[in-house]
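Working through the structure, step by step
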Amino acid sequence: MSTSQPPKALLTDVFGTVVDWRSTVEKHLTLSASEALNSSTNSIPSAVRTTAADISWPTIAQLWRNSYYEFTRSYDPSAKDKSNFKTVDQHHVEALHKILVDHKLDGLWTDEEIQKISMIWHFLDPWPDSSEGLGILNQKFQTATLSNGNTTLLSDLAKHGPLPYTHIISAEDFGAYKPHPSVYLGAAKKLGLEPGECALVAAHLGDLKAARGCGYQTIYIERSKEEAWPSKDIAKAKKEGWIDMWIGLDEGAGGFLEVAERFGLQ
């Protein structure tokens, strides 16, 4: 990280970087399925009941997450009417419906129950270092979400964490999704800063590479099972040095606490 021009704001990815979506969603799907199967009032087709009893809910959770990734990266803001912008909340409901149908689980939950289950993305538990680390970083920086999650989702996550951000910024504000440049550039402008005065903190090198292309500084926090890039590309990125601060999985205080320590705040 540049000592001559340190960032004025730290903007963070949220899913996987700040919150542990995997553990929360896996547990919620498993519990919701168990409750449905054990309810005396539910009328579930026998074939669906058999499938649900044998299904791997962690696999379903990963498919749900993958669908989010594909949705946000295939969304073309230039071809959409921004008044009809589809939020991540809308996507999560539609995607869960489709996954259930594809896996012969249609009928396990009612439409109302699926809607309710999809709201788990508003209540993901943070990584152990996130809340305290963000609080410490607030002593020196503006801190903001920079996530594809919609604004109400991010606000709920901040309350649930609790995550003491100074600003909530969503891709929804710009009618686009990361890695579209308008999201990174729009967020910097919203904070009244130049892109070079901002640093993106993320557990995904693809996100950081896109931010770097828009002039951001970059901070990588390694999180378990979060990086989609193959190991050879991870090693190449580390060698090339375009990540300004690299926090390893088991390095120092870990996560946001380690970022704070690197900035001399611990």
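Heads up: these notes are all about the structure in this document. (Residues numbered from 1 in each chain as written. Predicted model: local features only at pLDDT ≥ 70, side-chain atom pairs only at ≥ 80, totals over all residues. Heavy atoms only, no water.)

Charged atoms that come close allow side chains of opposite charge to pair. Taken as a whole and assessed by the stated rule, the structure comprises 13 salt bridges. Measuring nitrogen to oxygen at the nearest pair gives 2.9 Å for the salt bridge that ties Arg 223 to Asp 129. Note that Arg 223 is positioned in the loop between β5 (217-221) and α10 (231-240) and Asp 129 in the loop between α5 (111-118) and α6 (130-137), a separation of 94 residues in sequence. Both residues of the pair, Arg 223 and Asp 129, belong to the buried class. Measuring nitrogen to oxygen at the nearest pair gives 3.4 Å for the salt bridge that ties Lys 232 to Asp 233. For Asp 233, a relative accessible area of 27% corresponds to the partly exposed category. One salt-bridge network, in which partners are shared between bridges, spans Asp 13, Lys 178 and Asp 207. (Salt bridge = Lys/Arg side-chain N within 4 Å of Asp/Glu carboxyl O. Helix = DSSP H or I, 4+ residues; strand = E, 2+ residues; numbered from the N terminus. Buried < 20%, exposed > 50% of the residue type's maximum accessible area, 1.4 Å probe, protein only.)

A separate point is the sheet that holds β5. With parallel pairing, six strands are arranged side by side in an open sheet as β3-β2-β1-β4-β5-β6. In the strand order of this sheet, the two ends are held by β3 (167-170) and β6 (245-247), each with one partner. Pairs of neighbouring strands in the sheet enclose a mean axial angle of 20°, with direction left out of account. Inspection of the sheet shows strand β1 (residues 9-12) paired to strand β2 (residues 142-147) by four bridges, in the parallel sense. (Pairing = 2+ DSSP bridges. Axes fitted to C-alpha atoms, helices over the stretch in contact; angles between N-to-C directions.)

On their own, these measurements won't tell you what the molecule is for.
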